[in-house]
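Fold and geometry: a report
Each chain, letter by letter, is given below.
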Amino acid sequence: EVQLVESGGGLVQAGGSLRLSCAVSGFSLDDYAIGWFRQAPGKEREGVACIISRDGSTYYADSVKGRFTISSDNAKNTVYLQMNSLKPEDTAVYYCAAERGFYITLATMYGDYWGQGTQVTVSS
């Protein structure tokens, strides 16, 4: 059974940090790209970052470059999103998604499987 479970969200003050985790099961990270997406109330879902776990290639939205880092621990079947220098506009529900393939970028990723999300709230 394919499952993706996000964790690590919470409430943090502007300038603070959080680390989100996406635990995956039912498939090998070596065969998939994993992406982080977010959706705030009244806004469309946007891609934040993705990683091709097989070779470590990463892609980031311009809005988070230099602040967020995506990484993969294939032995633990877990993908992380380290979020530093958080801003109120980062407030959203964050979702992880998996897509089978090796030539995926953030711009093209649609997700074959999705988690249920974790709330991130950044206070001003």
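Going by the structure above, here's the rest.
Summary of the structure given here. (Residues numbered from 1 in each chain as written. Predicted model: local features only at pLDDT ≥ 70, side-chain atom pairs only at ≥ 80, totals over all residues. Heavy atoms only, no water.)

Focus on the overall build of the chain
The helix and strand inventory of the chain stands at zero helices and eleven strands. Counting from the amino terminus, the chain carries its helices and strands in the arrangement β-β-β-β-β-β-β-β-β-β-β. Taken over the C-alpha trace, the chain has a radius of gyration of 13 Å; the compact-globule value for 124 residues is 14 Å, and the two agree within 12%. Relative to its full complement of 124 residues, the chain shows a buried share of 42%. Here the contacts in the chain between residues at least 6 apart in sequence split such that 59% fall between residues at least 24 apart. Taken as a whole, the chain presents about 6300 Å² of accessible surface, with 44% of it coming from carbon and sulfur. (Helix = DSSP H or I, 4+ residues; strand = E, 2+ residues; numbered from the N terminus. Rg over C-alpha atoms; globule rule 2.2 N^0.38 Å. Buried < 20%, exposed > 50% of the residue type's maximum accessible area, 1.4 Å probe, protein only. Contact = heavy atoms within 4.5 Å. Areas by Shrake-Rupley, 256 points an atom, 1.4 Å probe, with all protein chains shown as cover.)

Describing the packing of aromatic side chains
Tallied over the entire structure, the rule returns four aromatic pairs. When the centroid spacing of 4.3 Å and the interplanar angle of 45° are considered together, the rings of F27 and Y32 count as tilted. Among the residues examined, Y32 registers a relative accessible area of 8% and is labelled buried. Geometrically, the ring pair formed by F37 and W114 is tilted, given 4.9 Å between the ring centres and 50° between the ring planes. Of the two residues, F37 is situated in strand β4 (residues 32-39) and W114 in strand β10 (residues 113-114); the sequence distance between them amounts to 77 residues. (Phe/Tyr/Trp six-rings, centres within 6.5 Å; stacked < 30°, edge-to-face > 60°.)

Some remarks on the pairing of strand β6 (residues 57-60)
When strand β5 (residues 46-52) meets β6, the two strands line up antiparallel, connected through four bridges. Residue A49 lies in a different strand from β6, and its bridge partner there is Y60. (Pairing = 2+ DSSP bridges.)

Quick notes on unusual backbone geometry
Note on backbone geometry: most residues besides glycine have negative phi, and most peptide bonds are trans. Residue N77 is not a glycine yet carries a positive backbone phi of 55°. Along the chain, N77 falls in the loop between β7 (68-73) and β8 (78-83). N77 sits in the partly exposed class, given a relative accessible area of 31%. Despite not being glycine, S85 has its phi angle at roughly 50°, a positive value. Note on placement: S85 falls in the loop between β8 and β9 (92-100). Look at S85 and you get partly exposed, because its relative accessible area is 40%.

Topic: the pattern of salt bridges
Under the criterion given, the structure shown has four salt bridges. The salt bridge involving E46 is made with R38; its shortest N-O contact spans 2.7 Å. Taking the relative accessible area as the measure of exposure, E46 reaches 34% and is therefore partly exposed. One salt bridge connects R38 with D90, and the closest N-O pair in it is separated by 2.9 Å. Here R38 is found in strand β4, whereas its partner D90 is found in the loop between β8 and β9, with 52 residues between them in sequence. Residue R38 is classed as buried on the basis of its relative accessible area of 5%. (Salt bridge = Lys/Arg side-chain N within 4 Å of Asp/Glu carboxyl O.)

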